[in-house]
Each structure stands twice: as structure tokens, then as C-alpha cells.
Amino acid sequence: MKKTLALFIVTLLFPLTALVLRAKPAHLAPARTPSPDTVLINGAGATFPYPMYSKWFDEYRKVHTDVQINYQSIGSGGGIRQIIAGTVDFGASDGPMTEEQIKQFKNARGTNILHFPTVLGADVPTYNIAGVKGELNFTQKALAGIYLGTITKWNDPEIAGANKGVALPGDDIVVIHRSDGSGTTYIWTDYLSKVSDEWKNKVGKGTSVNWPVGLGGQGNEGVTGLVKQTPNSIGYVELIYAIQNNIPYGRVRNSAGVFAKANLSGVSTAAAEAAKSMPDDFRVSITDAPGKGAYPISSFTWLLIPDRIADATKKKAITDFLRWMLTDGQKDCEGLAYARLPQEVVAKEMKAISQIQ
Amino acid sequence: MSSWTPRELLRRLRSGDEIAHLITLICASSILLVTSMLVYQLWVNSQLPRHEFGWHFFATSVWDPVFEHFGALPFIYGTVVTSFLALLIAVPFGLGAAIFLSELAPRKLSDTFAFAIDLLAAVPSVIYGLLGIFIIVPIMRTVVEPALKKTLGFLPFFKGPAYGVGFLAAGVVLAIMIVPFIIAVSREVLLVVPQDQREAAMALGATRWEATWKVVVPYARTGILGSVFLALARALGETMAVTMVIGNDPKISSSLFSPGYTIAAVIANEFKEATGDLYLQSLVELGLVLFLLTFVLNGLARILIVATEQRGGPAH
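Participant: When you look at the overall build of chain A in this model, what are you seeing that I'm missing?
Facilitator: Scanning chain A from terminus to terminus reveals 13 helices and eleven strands. Expressed along its principal axes, the backbone C-alpha trace of chain A runs to roughly 90 × 60 × 35 Å. A burial count over chain A gives 47% of its 357 residues as buried. Of the contacts formed within chain A by residues at least 6 apart in sequence, a portion of 72% connects residues at least 24 apart.

Structure follows, in C-alpha cells:
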């Protein structure tokens, strides 16, 4: 009897505590509970621009309190899959969708998909060579040869020729690449495919590829860690990561013959130069762009938006956001070490927004 | 069991025993249900590569997401090699430690150690991965691999450049991870060996060590084998710690210094960004392969345990 009574009292405590705690004073309630007329927009995709998008959606919410944009960085592959499946309102990808994926989208959702570049990214070569302190110059052939495994020693004429006066050792080059699928790899392999036919035929471009040689590190951190630890190694990392972590990197020769050191303006210049011959759907690779000031290993990252959005409020919210992103949003880029879109591309995109119906 | 009609069953369920029987039966079959759903999902979602590649999937060494040629061989090789290397290192250490803790150490020391070892078994694998990158890989590259090369460099296992990362580093990290399991279970099993077994051995003139090694350990053989296979199961599925130290290169090589790749590591690395159905489903098929590998190895474990049980140990 006593036991049952005790059990009864204890069981009663649960609903009682719940009742007591429900009466929360108003000022403790969360600041931004969505009101019934908040427009909720869901997006998913690329991890590279996530810090930028995160800041943008936050800033945009401050200006337009009735629009809440939710973004999950599940990866470019995931973003493409979810937009085709229709579970999100927009996707994001570090590489443009292939013809096949666009066809898949058309079959699944009955309309076309539009690409909108948002920011620019770039890859830089980082290395760890005994006795070499300064910046090395890399020609297109050098990078392709190193990653193909045809150039095996640091004092190979292709590398030494571009770095006269630097004492390069005769040691074997240890090649480091990304083990996880990533937009960073996409940019790197896209560049190598452009500057080397052998690379294009043998390996190709993608977020994951069949690397001829090399060790794989996970993420920019993994690659940097391996390069730092392994003597005579070379790897590639995102420019932003290199800037934020003070990682020394080398120069790459662009198509005009200049050894360009990657920085935000060089990346934007690459896009500006490429904009002259850019197709209207923005599905273009800007690696190895023409122009003296262009950094050759640069790339866009895109938002994937259907050209027909049924819900009128969502459509207005998305098009408004795009306009804001192209004007006010771009101002936030430098703060987070992203390269902003050049004016030529912004103008073209503004015109393209009208395609969303 | 006279009749299976619902009315009959409901009538039989009146006693508490029957209800308990039914509830526990549901619990047990729910495990089976989850496992079969898992296999079903793996099977159904790997349909494309099974039709495209068939059995060639197991014989191809290429993993090319761009030209869409996929083969499981380097990953199977990597998984098996790292796991067995880990066992090779962990079993002597683990068994030795278990024997010490159960037979030779004072009880208090044994209990404290056992507690510490149980804690080790609970450490998340990412921590072991960090231990691998920051401590084990540099030691491998600067001390262990050059030493092995100098002394045993004529063997095919110790040829090639010493990167630090590779099969050897992965095997060592996995060994550190699975040793607590072997010690914990083996120690328990050795402790429950009846005291009269030891006394009988010593009465027959055996030394302390002879009694331990020739009588007590064989008596506990089944349990020790069980602990080894438990450790093997952990090693086969280990993902994060392995991918941080194995070099992530899908190549097959006889040298332990060369980088490799395991099934769990490639799925963890490439699943998120995989675009294209064939690519994605090939990764799922790799998952199915790992499941089957674990299943087969556990089956072998069962057979081995049954076989050794028949030859000696506790009296039936």
C-alpha cells in the first residue's frame, strides 16, 4: 500500500511540473517566433559558401522580418538531389548541374532550373619543402604533371625553370589531395582538365576523382595537416582557408603568362574577364580565365532556383532576396574573405532574375 | 499448441508467463526485423551497380567517379588488411594483459585497471583518430617505419617510401582501439574459471605459469575467442579513426607503408557529395559488401567457437 502511494505521488509529479513550467513569463520567450504571415524558405546544398549564406540570411532577416530562409549545408550532391526531389525551395552547388541532372529536374518537377552565381572561390597550392621558405611559381604543366605523377621530383626542370634562384631538392614529391568529395576538388580538377589534355582524358573533373597518385586528407584541415607533417609535399586548399589560417601558398601562372598570387581581387578579375564570353545560363567554368590580373584557379558557386515557383509569396521573397544579394549582400563578402561578383556578372544576373515566374 | 485461432491465443494469454513470453518474443524479433530491413534497403538501393557491374564489382580495382567505373576490391583489401593487422597486434597484448589482471595481479590492482580499461573502450573513435594524426603518424614516419625498413626491408611488407600514413598506422590505431575490448572480456572469462582447475594443475606439479597457460587459458578459450571476434567486428566497421590515418588511396599494395582505403572510410568521405545514381548506389553496394563481410566473419567465428568447444574446456 505504501509503495503504491509513493509510486502514485511520483507519477503525479511529472504532469504537475509540466503544468507549472508552462506558465513562462513573456520576456523569456524566444525573440523570433515566426508569426503566421512569415514566409519560410528552405534551401540546402554546398558547404563552401555556407558561412556566407548564413550571414546573408541572417542580415536579410533583419531587413525583411517576414522572410525566414533556412539553409542546410549537406553538400553540393545533396543540394542537387533535394532540389530535383522538390523537398527544398532552392539548392546550392559548387559545380553546375550536368545536362543529365537538368533533364532529371525537368522530368521530376516539370520546369527548368536556373543557376545564379553568388560568390567566388579559389584554390591555392600549398607545399612543405625542406629549405624552401619563399613563394614558388607553378606553371600549368608543372601542376598537371605533379598531380598526374609524371613529374616526380622537386628539382624537375618544369618546376626549377619557373623558380630560378631557388634551391629545390632532388627529393620525391609527395602529392596530397582531398579524400572527401568537395567543391574544392571540383575547382582544382576543372583547372587541370583545362590546362592538360592528358588530365582531361585520364582523370577528368568532379567533386571526387580517381587520383593517379597521392594521399588523401579529409577537408581543408586534413590536407593542411598532411602537408605540414609530410616533408616535400604539395596540396591544394581553398583560398579563404589559407587566408584565415595564414598558410603560405605559391603562385600559379595564368593564361596571360603572369604568375598570379591568389587574392580576392584576382579572383573577381577572373570572373570579370570570363563574363565577356559567359553563356546566359551562367553554367560556366572560369578556371584559366584570360586577362593579366586574373587568378586562374577560381570558380563560381551557384544557387539553383526553379524558373517557375507556384507560391507567389515565396517567389517574391526569393526574387527580392536575389536582388538584395547582388547589391547589398555583396558588400559582406570581403569581411568573410569571399571574393565578390564583378559588376558585369551582377548586371547579367539582375536581368536573369526576370526569368523566374 | 492445440489451436492458433485468435480466441484460443487470447485465452492462453491470461497468465503472466504467457504475456512475458510474448513481450520478450516481440523484443527479440524486432532486432531481426531491423536487421532484415537494413539488408533489404541495402539490397534495393544498390540495384544499379549490381546490374551494371555484376560480379565484376568484386574483381575491379578502379574507383572512378568521373567515368563511373566502380570496383570494390581495394576497399575490401584495405578493410581486411587493417583489421587483421590490428588483431595481430592487439591479441597478444590484450590476452597478456588479461592474464596478468586475472591471474597474477592483486585483486585491487586488477579492479582499478579494469575500470580504466572500460573507460578506454568508451572513448569516441574520433579521439583515437586525433591520437593517430598527432602522435602515431609522426612516430611511424620518423621512427618506426625507417627502423623496420632498415632491419626487415627485404620483406615485401616493408618496402616503399615511409609517409607515416598507411596500412601500418591504421592497423596500429585500430589495435589501440580494440585492445580494451579484448582485455575486458578475456579478463572476465578468465576470472570465472573454477579455482579447482588451477589447484588440480598445481597438484600435478605444474608451475604457476604452466597452470595458467596450459589449463586456465584453454578452459576459457571460447570466451577469449568471442572477445577477439567482438574486437574484429569493431575494427571492420571503424570509420573516422581509420580515414584520418590510412592515406585514403584506393590502391592494393603488399607494402604496409603504402596508403590504402577501407569500405567504411570511402563511404564516410564520398557519400555526402556523391552526385549521380550509379555513384551513390555503388557506395551503398559497398555498404552491403561490408555487411556481408561482417556476417561471414561472424559465421566463421561461430564455427570456430563450436569447434573448440567440442575439443575441451568446461565439462558438458
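Participant: Can you help me understand the overall build of chain B in this one?
Facilitator: When its secondary structure is counted, chain B shows 13 helices and two strands. Overall, chain B is about 65 × 60 × 35 Å in size when its C-alpha atoms are taken along their principal axes. Residues counted as buried form 38% of the 316 residues belonging to chain B. Within chain B, contacts between residues at least 6 apart in sequence are counted, and of these 76% link residues at least 24 apart.

Participant: Teacher, can you tell me more about the interface of chain A and chain B here?
Facilitator: As a measure of interface size, the accessible area lost when the parts come together is often cited. Contact residues are listed per partner, giving 27 residues for chain A and 25 residues for chain B. Of all elements in the fold, only α3 (76-85), β7 (215-217) and α9 (219-229) of chain A reach the threshold of two or more residues within the side of chain A that touches chain B. For the side of chain A that touches chain B, the element with the most residues is α3(A), which contributes four residues. Taken together, the residues of the side of chain A that touches chain B sort by class into six nonpolar, 18 polar and three charged.

Participant: Would you mind going over the nonpolar core with me for this structure?
Facilitator: The nonpolar side chains of soluble globular proteins are, as a tendency, buried together. Counting 166 residues, the largest nonpolar core has Ala271(A), Leu304(A), Ala169(B), Val173(B), Ile178(B), Ile182(B) and Val245(B) as the members making the most contacts within it. In this structure, Ala169(B) is in contact with Gly132(B), Ile136(B), Val137(B), Met140(B), Gly164(B) and Val245(B), ignoring residues within four places of it in sequence.

Participant: Hey, could you run me through the packing of helix α5 (residues 107-121) of chain B against helix α7 (residues 167-191) of chain B in this one?
Facilitator: Working note: a packed helix pair is described by the angle between its axes plus the distance between those axes. All names here are of chain B. Contact pair α5 / α7: the axes reach a minimum separation of 8 Å and the direction vectors enclose 140 degrees. Judged on the interaxial angle alone, α7 and α5 are oblique. α5 and α7 meet at a crossing whose hand is left-handed. Facing Ala114, Ile117, Asp118, Leu120 and Ala121 of α5, the residues of α7 in contact are Pro180, Phe181, Ile183, Ala184 and Arg187.

Participant: How do you make sense of the sheet that holds strand β10 (residues 259-260) of chain A when you look at a structure like this?
Facilitator: Across a sheet, strands are paired by hydrogen bonds formed along the backbone, either parallel or antiparallel in direction. Read across the open sheet, the three strands follow the order β5-β9-β10 (chain A); overall the sheet is mixed. Only two strands of the sheet have a single neighbouring strand rather than two, namely β5 (137-138) and β10 of chain A.

Participant: Help me understand the sheet that holds strand β4 (residues 113-128) of chain A in this model?
Facilitator: Residue and element names in this part refer to chain A. Strand order in this open sheet of eight strands is β2-β1-β3-β11-β4-β8-β6-β7, and the pairing throughout is mixed. Of all the strands in the sheet, the pair left with one neighbour each is β2 (67-72) and β7. In this sheet, adjacent strand axes meet at a mean angle of 25 degrees when their direction is disregarded. Of the pairings in the sheet, the one linking strand β6 (residues 174-178) to strand β8 (residues 233-238) comprises two bridges and is parallel in character. Across the sheet, the residue bridging to Val174 is Ser233, located in β8. Along the sheet, helix α12 (residues 312-327) contacts β1 (39-45), β2, β3 (90-93), β4 and β11 (298-306); its crossing angle with β1, the most-contacted strand, is approximately 60 degrees.

Participant: Please clarify how the pairing of β3(A) should be interpreted in this entry.
Facilitator: Every regular strand shows the same layout, with side chains that alternate between the two sheet faces. Residue and element names in this part refer to chain A. Side chains of β3 alternate between two faces, with Phe90 and Ala92 and Gly91 and Ser93 buried alike. When β1 meets β3, the two strands line up parallel, connected through three bridges. Pairing of Ala44 across the sheet is with Gly91, part of β3. In this structure, β3 lies alongside β11, joined through three bridges in antiparallel fashion. Note on β11: the bridge partner recorded for Ala92 is Leu303.

Participant: In this structure, what is going on with the pairing of β2(A)? I would like to understand it.
Facilitator: Residue and element names in this part refer to chain A. Here β2 shows a buried face lined by Val67, Ile69 and Tyr71 and an unburied face lined by Gln68, Asn70 and Gln72. Sheet topology note: the β1/β2 ladder contains six bridges and is parallel. Bridge pairing links Gly43 to Tyr71 in β2. Taking the sense of rotation as the criterion, the β-α-β connection linking β1, helix α2 (residues 50-63) and β2 turns out right-handed.

Participant: What is the right way to look at helix α5 (residues 140-148) of chain A in this model?
Facilitator: One turn of the α-helix equals 3.6 residues, which is why residues spaced by three or four share an orientation. Among all positions in α5(A), only Ala142(A), Leu143(A), Ala144(A), Gly145(A), Ile146(A) and Tyr147(A) are buried. Phi for Gly149(A), located one or two positions after α5(A), is positive at around 90 degrees.

Participant: Is there a simple way to explain the confidence of the model for chain A in this structure?
Facilitator: A low pLDDT score tells you not to read the predicted coordinates there in detail. In this model, chain A carries an average pLDDT of 88, and 91% of its residues clear a pLDDT of 70 or more. This model gives residues 25-31 of chain A a pLDDT under 50, and the stretch forms one contact once residues within four places in sequence are excluded.

Participant: Even after reading the chapter, I still don't get the packing of helix α6 (residues 125-152) of chain B against α7(B), so can you show me in this structure?
Facilitator: Residues and elements named next belong to chain B. Viewed as axis vectors pointing N to C, α6 and α7 meet at an angle of 135 degrees, and their least axial separation amounts to 9 Å. With respect to each other, α6 and α7 are oriented oblique. In terms of crossing hand, the pair formed by α6 and α7 is right-handed. Along the contact surface, α6 presents Ser125, Tyr128, Gly132, Ile136, Val137, Met140 and Glu145, while α7 presents Leu168, Ala169, Val172, Val173, Ile176 and Met177.

Participant: Can you walk me through the environment of Pro169(A) in this structure?
Facilitator: All names here are of chain A. When you line up the elements, Pro169 lands in the loop between α6 (157-160) and β6. Separated by 56 residues in the primary sequence, Pro169 and Gly225 have C-alpha atoms spaced 22 Å apart. Residues in contact with Pro169, not counting those within four places in the same chain, are Ile129, Ala130, Gly131, Trp154, Asn155 and Asn232.

Participant: Can you walk me through the environment of Gly43(A) in this structure?
Facilitator: Residue and element names in this part refer to chain A. Inspection of the secondary structure assignment puts Gly43 in strand β1. Looking at Gly43, the number of C-beta atoms within 10 Å reads 23, which means it is buried. Beyond its immediate sequence surroundings of up to four residues, Gly43 is in contact with Ile69, Tyr71, Val88, Asp89, Phe90, Gly91 and Ala92.

Participant: Can you walk me through the environment of Leu292(B) in this structure?
Facilitator: Residues and elements named next belong to chain B. Position of Leu292 relative to the elements: it lies in helix α13 (residues 277-311). A tally of 12 C-beta atoms within 10 Å means that Leu292 is categorised as exposed. Residues Leu292 and Glu103, 189 residues apart in the sequence, show an inter-C-alpha distance of 38 Å.

Participant: What's the story with the confidence of the model for chain B in this structure? I'm lost.
Facilitator: When pLDDT is averaged along chain B, the result is 90; 96% of the residues meet or exceed 70. With pTM at 0.85, the complex prediction returns an ipTM value of 0.84.

Participant: Help me out: how do you make sense of unusual backbone geometry in this one?
Facilitator: Phi is mostly negative for residues that are not glycine, and the peptide bonds are mostly trans. Here the phi dihedral of Asn246(A) falls at roughly 50 degrees; this positive angle occurs in a residue that is not glycine. Mapped onto the elements, Asn246(A) comes out in the loop between α10 (239-244) and β9 (251-253). Even without a glycine there, the phi angle at Asn248(B) is positive, about 50 degrees. Tracing the backbone shows Asn248(B) in the loop between α11 (240-245) and α12 (263-270). Exposure remark for Asn248(B): the 30 C-beta atoms within 10 Å place this residue in the buried category.

Thresholds, definitions, all that
- Residues numbered from 1 in each chain as written.
- Chains lettered and ligands numbered in written order.
- Predicted model: local features only at pLDDT ≥ 70, side-chain atom pairs only at ≥ 80, totals over all residues.
- Helix = DSSP H or I, 4+ residues; strand = E, 2+ residues; numbered from the N terminus.
- Buried ≥ 20, exposed ≤ 12 C-beta atoms within 10 Å, placed from the backbone.
- Contact = placed C-beta atoms within 7 Å.
- Nonpolar A, V, L, I, M, F, W, Y, C, P; charged D, E, K, R; others polar.
- Core = buried A, V, L, I, M, F, W, Y, C linked by C-beta atoms within 7 Å.
- Axes fitted to C-alpha atoms, helices over the stretch in contact; angles between N-to-C directions.
- Parallel < 35°, antiparallel > 145°, perpendicular 65-115°, else oblique.
- Left-handed = near helix turned anticlockwise from the far one by under 90°.
- Pairing = 2+ DSSP bridges.
- Right-handed = clockwise from strand over helix to strand, strands pointing away.
- pLDDT = per-residue confidence, 0-100.

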